[in-house]
Every structure is written in structure tokens, then in C-alpha cells.
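So you can see what is in the structure, the chains are spelled out below.
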There are 2 protein chains.
Amino acid sequence: MVESLIPAGYTIRPLMAADYDNGVLDCLKGLTTVGDVSRLHFEKLLAYWDARRDMYHNMVIVDNSGLVVATGTLLVEYKLIHACGKVGHIEDISVNENQQGKKLGIALIRYLLQVAKDLGCYKTILDCSEHNVGFYEKCGLKVEGIEMGYRY
Amino acid sequence: MVESLIPAGYTIRPLMAADYDNGVLDCLKGLTTVGDVSRLHFEKLLAYWDARRDMYHNMVIVDNSGLVVATGTLLVEYKLIHACGKVGHIEDISVNENQQGKKLGIALIRYLLQVAKDLGCYKTILDCSEHNVGFYEKCGLKVEGIEMGYRY
């Protein structure tokens, strides 16, 4: 069971509407700009994801008090190549700064890798900055290529 | 109009069921393993994508005879970060080898970048090998990070 990788005192579960009050936005602020997300926008996005549950797997790790201390998403893409194969994309991984060193990040990544495997993905990929390569190698991933982007 | 980037004698349009007979699988074989995709599997996948038209934009470039000479996908991901922002993922770009040098690849990438912009994406990303960086820089993209992967 990959749940067993989660340290004692913490639980991993799907993101839910109540997490708007449990600190999921604060957790994501450790990663990047979150901006103005109202409760209504949050709930609409959750409903959108929920209607596409085959593709979006948004997980949170909560502590004993129910506070979100880490979050991450697995997006499953349905392709034509590799005999209509599926690829997992790991997105938006964030662990609260005051929770680092507890191996929550590695547990979360391994959990998402296992979810992708269980869903039949032939590979899972993610993009990261140069200085995070070592962390993801510890999670079992290998450098595969270059991420390129165009910003509007 | 970004369609105007497509060279004379070629047309860009969404992938359709008839493309099973128009060479789309052969075109993709230039990119990677396609494997055994029956007509039924192809049509089922197209129906799946069609039901998620907000996310999957599968395009082909065809020549005067209707043959698929290039193909590429824009996958739009709905995120929580960046005020419920959207990110475009360019996937599975392939141009037939005997059609290279006609700027079909650059036209296809620019077309997909424009579709993503029109859909409100704040950025579009793709992963490529080191030796394709120069091509994507010509398309206007910049190196953003490292792609890492886990293969099952």
C-alpha cells in the first residue's frame, strides 16, 4: 500500500471543497502565484475536475488537525501513440515550508506514481527546475528532456 | 489568422474519424511507437476526446490529396494556481519525413500556441529532446526547465 509511505500523523486523500478552509491555497502559495480564488471559483473548479475524474487526481496530505500541509495533482492524458496509451503528468507539487524534512514530498510523488501505474499509464512525467532534479531522482524519476514554454 | 501560416496547398483542421484511412497513424510513426490501433479503438478515442473538447485539441495538416502530413495536440489543463489559470501542453508533434523543410512544423506549433492563447491559457509548455531546442526557439518558446520521467 502506497498510503503506508505517508508518515504517521498524516493522511493522504483527494482534495475536497472543505479544503478551501483547510489551507490548500496557502500551501500552493509556497509553489507559485495563486491569485484571487473565491470559494465559488474553487467549488466550480472542483466540480469541473470531478466531472473528469478519469483525468484529474488532485490529492492533499493533511495533518492530525486537518490542515493541508502538501498537495499535488496527477493529470492523466489519453493518447493515440503507444496503442492508445496513457501518460501521467505530475503537476503543482507543494509542501508547506515548516513541514519539510518529513519526507512528505517523496511520499506524495510515490503515491501519484502508483496511482498512474494503477490507471494503466505507461509513463509519468513532470517538469521541474534544475535544482529539484536531485529530489525527483530520489523519487525514482530520470531526466528525460527539456521543458520549453511560451508565456502570453 | 494563424491559418495563414500554413503553406499553400496544405490545410490545418481537427483530426476526424476518416483520418484513420488518411495516414495519421503513419505520420505518428515518425515520432514514436504507435502500436496496434484498430479502427474501433481509434474511433473510441476520438469520441473520448470529443466529449472533452475543452481539453483536447488534436489537429492535422493535410495535403491537397487529403493525406495527413503533420499532426499535433494541444491539451488544456485547468489549474487552481494563477487564479484558476489554464496551461496548454503541446504533445505528439510529428511531420512526415518527406515533407520536412516546408515549415509545416513551425506553422503547426504557432497554430497550437494561438489556440491556447485564444482559450485563455497563461502559458503553453512542451517537452522535447536537447536537439529539438533550436527548432522550438524558432517557434518562440524558451527553455524553462527539465523534463523528468518514470517508466513502468
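Structural notes, computed from the coordinates. (Residues numbered from 1 in each chain as written. Chains lettered and ligands numbered in written order. Predicted model: local features only at pLDDT ≥ 70, side-chain atom pairs only at ≥ 80, totals over all residues. Heavy atoms only, no water.)

Observations regarding helix α4 (residues 104-118) of chain A
Residue and element names in this part refer to chain A. Compared with the 21 Å implied by 1.5 Å per residue over 15 residues, the 21 Å span of α4 between its first and last C-alpha is a close match. A large share of α4 lies buried, amounting to 11 of its 15 residues. Three or more residues of α4 are buried, namely L104, G105, I106, A107, L108, I109, Y111, L112, L113, V115 and A116. Positioned one or two residues after α4, G120 has a phi angle of 90°, which is positive. (Helix = DSSP H or I, 4+ residues; strand = E, 2+ residues; numbered from the N terminus. Expected span 1.5 Å × (residues − 1). Buried < 20%, exposed > 50% of the residue type's maximum accessible area, 1.4 Å probe, protein only.)

Let's talk about the relation of the copies chain B and chain A
Least-squares fitting of chain B to chain A yields an RMSD of 0.0 Å, with the transformation described by 0.0 Å of translation along the axis and a rotation of 180°. As the rotation angle and translation indicate, the two copies are arranged about a two-fold axis. Residue I146(B) of chain B places its C-alpha closer to the rotation axis than any other residue of that unit, at 2.4 Å. Most of the interface of chain B is mirrored in chain A, where 100% of its interface residues again form contacts. (Least-squares fit on C-alpha atoms with pLDDT ≥ 70 in both. Contact = heavy atoms within 4.5 Å.)

Here we look at the interface of chain B and chain A
Between chain B and chain A, the contact holds 60 residues from the first and 60 residues from the second. Across the chain B to chain A interface the summed buried area is about 5,600 Å²; carbon plus sulfur atoms make up 59%. Taken as a group, L80(B), M148(B) and Y152(B) account for 16% of the area that chain B buries against chain A, more than any other trio of residues on that side. Applying the counting criterion to the chain B and chain A interface returns eight salt bridges. The closest approach of N and O atoms between K79(B) and D92(A), which form a salt bridge, is 3.0 Å. Our enumeration of links across chain B and chain A arrives at 40 residue pairs in polar contact (both at pLDDT 80 or more). Its residues assigned to classes, the side of chain B that touches chain A shows 33 nonpolar, 11 polar and 16 charged. Bridge count for strand β5 (residues 121-128) of chain A against strand β6 (residues 142-151) of chain B is six bridges, and the pairing is antiparallel. Pairing of D127(A) across the sheet is with E147(B), part of β6(B). (Buried area = accessible area lost by both parts, 1.4 Å probe. Salt bridge = Lys/Arg side-chain N within 4 Å of Asp/Glu carboxyl O. Polar contact = N/O pair within 3.5 Å; in protein donor to acceptor, adjacent residues only side chain to side chain. Nonpolar A, V, L, I, M, F, W, Y, C, P; charged D, E, K, R; others polar. Pairing = 2+ DSSP bridges.)

Function cannot be read off these values alone, since they describe shape.
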